[in-house]
Amino acid sequence: MITLVVQIFIALHTYFFAFAEMEFNKETNVYEVSISSIAHDFENHMKKKGVNLGHIEKIKKTDTLFSYIEREVNNGFIVTPVNGEVLSFKLEGFEVDLKDNLTFFLTSNKTVEFKEVNISFQLMMETFPDQQNKMNYIHNGEKKSLTFIKAKSNRKLSL
Amino acid sequence: MRKLIVLFVTLGSLCTYGQKEYNNNKFKQLHEELPTPNVYRTASGAPGHEYYQQQANYKIDVVLDDKKQTISGKETITYINNSPDELGYLWLQLDQNVRAEDSDSKLITVEKMEDFYNISAVQRRMFKFDGGFKIDYVKTTSGKEMSYAINKTMLRIDLDKPLASGQKISFDIKWMYNINDRAKIGGRSGFEYFEKEDNYIYTIAQWFPRMCVYNDVEGWQNKQFLGRGEFSLPFGDYDVNITVPADHVVASTGELQNTNEVLTAEQRNRFKKAAESDSPVFIVTQEEAEEAEKEKSNKTKTWRFSANNVRDFAFASSRKFIWDAQSVQLPSRKVMAMSYYPKEGNPLWERYSTKVVAHTLEVYSKYTIDYPYPVAISVHSDRIGMEYPMICFNGGRPEADGTYSERTKYGMLGVIIHEVGHNFFPMIINSDERQWTWMDEGLNTFVQYLTEQEWERGYPSRRGPAYLIANYMGGDKARISPIMTNSESIWQFGNNAYGKPATALNILRETVMGRELFDYAFKQYSERWAFKHPTPADFFRTMEDASGVDLDWFWRGWFYTTDHVDIALNNVKWFQLNTENPEVEKAWQKEQDAKKDKFVGDERNKTEIKQTKNELDEDLNDFYNKRDIYAVDKIDREDYDKIKSRLSAEELELLNSNKNFYQLDFENKGGLVMPLILRASFIDGTEEVIRIPAEVWKMDNYNISKVFIFEKEVTSFRVDPFLETGDTDLGNNAWPREVQPTRYDLFRERKMNENPMQRAKRAQE
């Protein structure tokens, strides 16, 4: 069975997975983030929130819908340095491929690389209770990995 | 670096692992995990000489009420007890009860207040639907009430007299239920309402009380239907009369028995033509379907279908259906591939659906068994994909303007291949879906991948290639499950039950076993267990038994753990044989010394110090100042002659062969032992690929070294150069180290405001 749309009450959906990579760019002093998910998951999630994106690949950066997407991604992926203020991320763009993979690309405001940050990665969890998000933080070529589920959508990352 | 090779074995290094209290070696056989073979299931993975399975035959009359959206039915079930056991009671499935008000699936849903983030979320939560079976009666065929009890999604009939081995019993059940609106409450079946024209498409499944499986593994199947773990059903023969509005077209499991009563003469002629055609022929055209949509008949028609040796029965009904069909010639038989879809499915569906069905039957038949049923049907539904014997409901709807994106096209092709493929797993090779999702979804997704690749070169398959599973398998393991986890308890259902097993089989085929051995064993499994009830052990054992390859380590790692593949190339040491020839060795040493990095002070002194003291005064230079350490003297030559006199001609030749020895140190960081695939690139631009079986890890599962001997100098090594093992960290696969780009580095912004078909249309305007 494959289900291409969220089903209410019955968890029939076959994806529910998002994967983020985050790295601090020491030349530009920003965090760079990519978040990969499934396009139809995100479209359905937005529809459930009352925003009909249609086919997301048709949305331009100048469209109002782009700002809705940016807001949603920012709500679903929040980075807060310990004892600091929430980092602000800008959605630089996104890509959709024929495998239905949707990847968002974000950059933070100029900052420093923090030793400890709290990360909330609950993108799409409110629509899909089985959603599981995973993240790799890349530091000096080494990867640190964290998993987020609905019951534990906040994790601390220490370098 | 150049070192004299000393040949000795460090025996101590052979016995460093897993010798304490318990054998944790990754190559330990699976005897403790797999059930003991017996007369029903053999150690070879084949059905045993006393294998049995039950049979349930059904005669059903069902009425679809298009005004009330209800199903009412009466069935006579004949249950044949082929087991050696006496049965005091019978269990049936009542899947519709998953939508009953008191269903467990609602009760066990975990919720938080933030789930109710807007009014529609609250509305959905508050939505009331009177779902579930309303059982009118359970009677003997002579009309006597039978005692029964309903336990949520299951119904138990208590027999007055136990059903002895070899005996059969027939009984009648009458029921009805309200059909669910899929758009509102979801579900594998239900109806879709087309508000503009006030019409419905019904996709009807799990619609009658069905016998549970009773077998040597579980006794009676006793897991409730909670919504995720699908079905476990015995085979049987079905005669089903489906009464629907007279202007409806019905697609169904089985063969239509009364074409004269439900099809026009023209439609019957078209059907005959389709049966001889290798491309789709319309039986109901779009114009005819659109005409039928305009009015609603108050009359009814009864469509009669018959299906033999199937484990379930489903149907679809609508006046909106366009219907096309073609013949598919398989090695042993001809089959009809058919599609039913509304105008909303075009132009995608008339172009692709039936051809994809035909292609799927051909490819799956090649890798498993010849498709054994007379028809295979793809029915259009808005977005879901769901399978039943001979019929499946598939999404893929173009946009209202008749264009569609590539994503929609490939999504539709993929879902049709997948759902038609389910005819093989689990409809024919009838595993217990409620226990093991991977046995049907994983195996099916694997053959789906093979089928997609034969449809179109470079087909964008979502699952199958090893590299696609890396993000899921690597990193934090806190919330992923082994594949061998019950269907209801799986974290990450899609990746765990579809993607990972499909990837594992692909790796077995491409890397571990090779295509020939794998394909033979996989076909053997399919043939052995067609129309039977296989378990995981039957699959694992057959794949080993038919291929002559011990795969216990592979099943253990990929199916019983959450380990991942991350093999690091930690270190490379380069050696050449010391020829002992002073002419060669001293010249080589001179060359190496000349290549060494120079200290900055020494370099500056060459010019800054115009003349040193001993350059001014020759008398200061003694023997040591004048000695040429690279010069070959008489003693060097005599020593070399002595060495040569002790060596045979072959040894001498080897000594002078100028071979390059490379010791590579590998670390298994992810825990999954896998074959080592290594590409060496040489100084002259050529390459060599070396494939080493996973057993290289058998003594030490985590750290090994291996020496490779080459004629030429190596400039680089790369582990897993063809991305065939699912290695989660490619950054530690190369020597010299290569920096792997992150996805952000690869980002190139590409966006389109319209799909390519819309753009092409605009260009023509």
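Residues numbered from 1 in each chain as written. Chains lettered and ligands numbered in written order. Predicted model: local features only at pLDDT ≥ 70, side-chain atom pairs only at ≥ 80, totals over all residues. Heavy atoms only, no water.

**Some remarks on the overall build of chain B**
Part 1 of the reasoning: Within chain B, the regular secondary structure consists of 23 helices and 30 strands.
Part 2 of the reasoning: The C-alpha atoms of chain B give 35 Å as radius of gyration, which overshoots the globular expectation for 765 residues (27 Å, by more than 25%).
Part 3 of the reasoning: Considering only C-alpha atoms, chain B reaches an extent of 125 × 75 × 60 Å along its principal axes.
Part 4 of the reasoning: Summed over all atoms, the accessible surface of chain B reaches about 34,600 Å², with 50% contributed by carbon and sulfur.
Part 5 of the reasoning: Side-chain charges of chain B comprise 100 positive and 118 negative groups, with the mean position of each set lying 3 Å from the other. (Helix = DSSP H or I, 4+ residues; strand = E, 2+ residues; numbered from the N terminus. Rg over C-alpha atoms; globule rule 2.2 N^0.38 Å. Areas by Shrake-Rupley, 256 points an atom, 1.4 Å probe, with all protein chains shown as cover. Lys, Arg positive; Asp, Glu negative; His and termini not counted. Charge placed at Lys NZ, Arg CZ, Asp CG, Glu CD.)

**Examining the sheet that holds strand S29 (residues 714-719) of chain B**
Residues and elements named next belong to chain B.
Part 1 of the reasoning: Pairing is antiparallel across the open sheet formed by four strands, whose spatial order is S27-S26-S29-S30. With partners counted over all chains shown, the strands left at the sheet margins are strand S27 (687-692) and strand S30 (734-735), one partner each.
Part 2 of the reasoning: Pairing geometry for strand S26 (residues 676-682) and S27, over six bridges, is antiparallel. Residue Leu-678 lies in a different strand from S27, and its bridge partner there is Ile-690. (Pairing = 2+ DSSP bridges.)

**Some thoughts on the confidence of the model for chain B**
All names here are of chain B.
Part 1 of the reasoning: For chain B, mean pLDDT is 92; residues scoring 70 or higher make up 93% of the total.
Part 2 of the reasoning: Overall, residues 1-18 carries pLDDT values under 50, and its contacts beyond four positions in sequence, including any with other chains, amount to 23 contacts.
Part 3 of the reasoning: Considering only residues more than four positions removed or in separate chains, one finds that residues 748-753, a stretch of pLDDT under 50, has 18 contacts.
Part 4 of the reasoning: Model confidence for the complex: the whole-complex pTM is 0.88, and ipTM, which rates the interface, is 0.77. (pLDDT = per-residue confidence, 0-100. Contact = heavy atoms within 4.5 Å.)

**Things to note about the confidence of the model for chain A**
Part 1 of the reasoning: Across chain A, the average pLDDT comes to 87, with 91% of residues at 70 or higher.
Part 2 of the reasoning: Within the model, pLDDT remains below 50 along residues 3-13 of chain A, and this stretch shows 47 contacts once partners closer than five positions in the same chain are excluded.

**Thoughts on the sheet that holds strand S5 (residues 147-151) of chain B**
All names here are of chain B.
Part 1 of the reasoning: Pairing within the open sheet is antiparallel, and its four strands lie in the order S5-S6-S3-S10. Both edges of this open sheet fall to S5 and strand S10 (210-211), since each of them pairs with a single strand only.
Part 2 of the reasoning: The pairing of strand S3 (residues 87-93) with S10 spans two bridges and is antiparallel. Its bridge partner lying in S10, Leu-92 is registered against Met-211.

**What about the environment of Asn-701 of chain B?**
All names here are of chain B.
Part 1 of the reasoning: When you line up the elements, Asn-701 lands in the loop between S27 and strand S28 (703-710).
Part 2 of the reasoning: Separated by 33 residues in sequence, Asn-701 and Asn-668 place their C-alpha atoms 7.1 Å apart.
Part 3 of the reasoning: Within the local environment of Asn-701, its side chain forms a polar contact with the backbone nitrogen of Lys-26, the two atoms lying 2.8 Å apart. (Polar contact = N/O pair within 3.5 Å; in protein donor to acceptor, adjacent residues only side chain to side chain.)

**Regarding the pattern of salt bridges**
Part 1 of the reasoning: As enumerated under the stated definition, the model contains 56 salt bridges over all chains in all.
Part 2 of the reasoning: Across the pair Lys-128 of chain B and Glu-101 of chain B runs a salt bridge whose closest N-O atoms are separated by 3.8 Å. Here Lys-128 of chain B, found in the loop between helix H2 (119-126) and strand S4 (134-140), pairs with Glu-101 of chain B, found in the loop between S3 and helix H1 (104-107); they are 27 residues apart in sequence, far enough to count as distant.
Part 3 of the reasoning: Look at Glu-101 of chain B and you get partly exposed, because its relative accessible area is 43%.
Part 4 of the reasoning: Note that Asp-312 of chain B and Arg-210 of chain B form a salt bridge whose closest N and O atoms lie 2.5 Å from each other. One end of the pair, Asp-312 of chain B, is in the loop between strand S17 (300-310) and strand S18 (315-318); the other, Arg-210 of chain B, is in strand S10, with 102 residues separating them in the sequence.
Part 5 of the reasoning: Judged by its relative accessible area of 1%, Arg-210 of chain B is buried.
Part 6 of the reasoning: Each of Glu-43, Glu-57 and Asp-100 of chain A together with Arg-407 and Arg-462 of chain B takes part in salt bridges that share partners, so that together they form one network. (Salt bridge = Lys/Arg side-chain N within 4 Å of Asp/Glu carboxyl O. Buried < 20%, exposed > 50% of the residue type's maximum accessible area, 1.4 Å probe, protein only.)

**Observations regarding the packing of aromatic side chains**
Residue and element names in this part refer to chain B.
Part 1 of the reasoning: Taken as a whole, this structure holds 68 aromatic pairs over all chains when the rule is applied.
Part 2 of the reasoning: Here Tyr-371 and Tyr-373 contribute two aromatic rings whose centre-to-centre distance is 5.8 Å and whose plane-to-plane angle is 85°, an arrangement assigned as edge-to-face.
Part 3 of the reasoning: Look at Tyr-371 and you get buried, because its relative accessible area is 0%.
Part 4 of the reasoning: Residue classification places Tyr-373 among the buried positions, given a relative accessible area of 3%. (Phe/Tyr/Trp six-rings, centres within 6.5 Å; stacked < 30°, edge-to-face > 60°.)

**Description of the packing of helix H8 (residues 406-421) of chain B against helix H10 (residues 437-455) of chain B**
All names here are of chain B.
Part 1 of the reasoning: Direction vectors running N to C along H8 and H10 enclose 130°, while the axes themselves pass 9 Å from each other. One way to sum up the angle between H8 and H10 is to call them oblique. Considering how the two elements wind past one another, H8 and H10 form a crossing that is right-handed. Within the contact between the two elements, H8 uses Leu-413, Gly-414, Ile-417, His-418 and Gly-421 and H10 uses Glu-441, Asn-444, Thr-445, Gln-448, Thr-451, Glu-452 and Trp-455. (Axes fitted to C-alpha atoms, helices over the stretch in contact; angles between N-to-C directions. Parallel < 35°, antiparallel > 145°, perpendicular 65-115°, else oblique. Left-handed = near helix turned anticlockwise from the far one by under 90°.)

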